[in-house]
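Analysis of the macromolecular model
Residues per chain are reported as follows:
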Amino acid sequence: FPSHDRIPEGYGHINCQDGLFNDTSKDLCIKNINDHSENFPSVKDNFQILQSLYKEYDIIKSFLDEKQVKKTCLIHLDCDVVKSCEEVLFFLRKFDLLENVFYLHFDDWGIETGIPEWFYEFIEKGFLKEYNCFELYRTRLTKSFMLERK
């Protein structure tokens, strides 16, 4: 679903080296899915890609309306950048797309992105105050939460 142009210059992320991830085109995304579809056969013909920026709320909302998406229960954030994580959660909340129970997975939790500090502050400030937040599991690089409406 939405992406970024590239990781911002000077961001300091380990994946910024030598322009890595500068190509986030729809064509490359489709190629990557097709190249690895033998691992996920049900995915090969069962996905849709929207190329946009996270902050392009109207474009994303139109796409979701067209696909008749009402709510989401799984959010996998592989954003690399705090601002992008924030834009995704603001979007989901603004358009009331969060289920009463949903799972939030951060792909870049263990990389020096500032995402853990931001998320805990985000919760402490009450952005998702209508939800209880429970840590589910963590790996060296990832962390997942379950949020349940109070």
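Residues numbered from 1 in each chain as written. Predicted model: local features only at pLDDT ≥ 70, side-chain atom pairs only at ≥ 80, totals over all residues. Heavy atoms only, no water.

1. What to know about the state of the cysteines
- As enumerated under the stated definition, the model contains 0 disulfides in all.
- Unpaired in terms of disulfides, Cys79 finds its nearest cysteine sulfur in Cys85, a separation of 4.1 Å.
- With a relative accessible area of 2%, Cys79 lands in the buried category. (Disulfide = S-S within 2.5 Å. Buried < 20%, exposed > 50% of the residue type's maximum accessible area, 1.4 Å probe, protein only.)

2. Topic: the packing of helix H3 (residues 82–94) against helix H4 (residues 115–124)
- Close contact between H3 and H4 brings their axes to 10 Å; oriented N to C, the two are set at 35°. When the axes of H3 and H4 are compared, the crossing they make is right-handed. On the side of H3, the interface is formed by Val82, Cys85, Glu86, Leu89 and Phe90, while H4 contributes Ile115, Trp118 and Phe122.
- Of the residues that constitute the contact of H3 with H4, the class distribution is 7 nonpolar, no polar and 1 charged. (Axes fitted to C-alpha atoms, helices over the stretch in contact; angles between N-to-C directions. Helix = DSSP H or I, 4+ residues; strand = E, 2+ residues; numbered from the N terminus. Left-handed = near helix turned anticlockwise from the far one by under 90°. Contact = heavy atoms within 4.5 Å. Nonpolar A, V, L, I, M, F, W, Y, C, P; charged D, E, K, R; others polar.)

3. Here we look at the packing of helix H2 (residues 57–66) against H3
- Contact pair H2 / H3: the axes reach a minimum separation of 11 Å and the direction vectors enclose 55°. In terms of orientation, H2 lies oblique with respect to H3. Pair H2 / H3 crosses with right-handed handedness. On H3, the residues touching Tyr57, Ile60, Lys61 and Leu64 of H2 are Glu87, Phe90, Phe91 and Lys94.
- Taken together, the residues of the contact of H2 with H3 break down into 5 nonpolar, no polar and 3 charged. (Parallel < 35°, antiparallel > 145°, perpendicular 65-115°, else oblique.)

4. Focus on the side chain of Lys61
- Relative to the helices and strands, Lys61 is located in helix H2.
- Those residues in contact with Lys61, other than ones at most four positions away along the chain, are Phe91 and Phe95.

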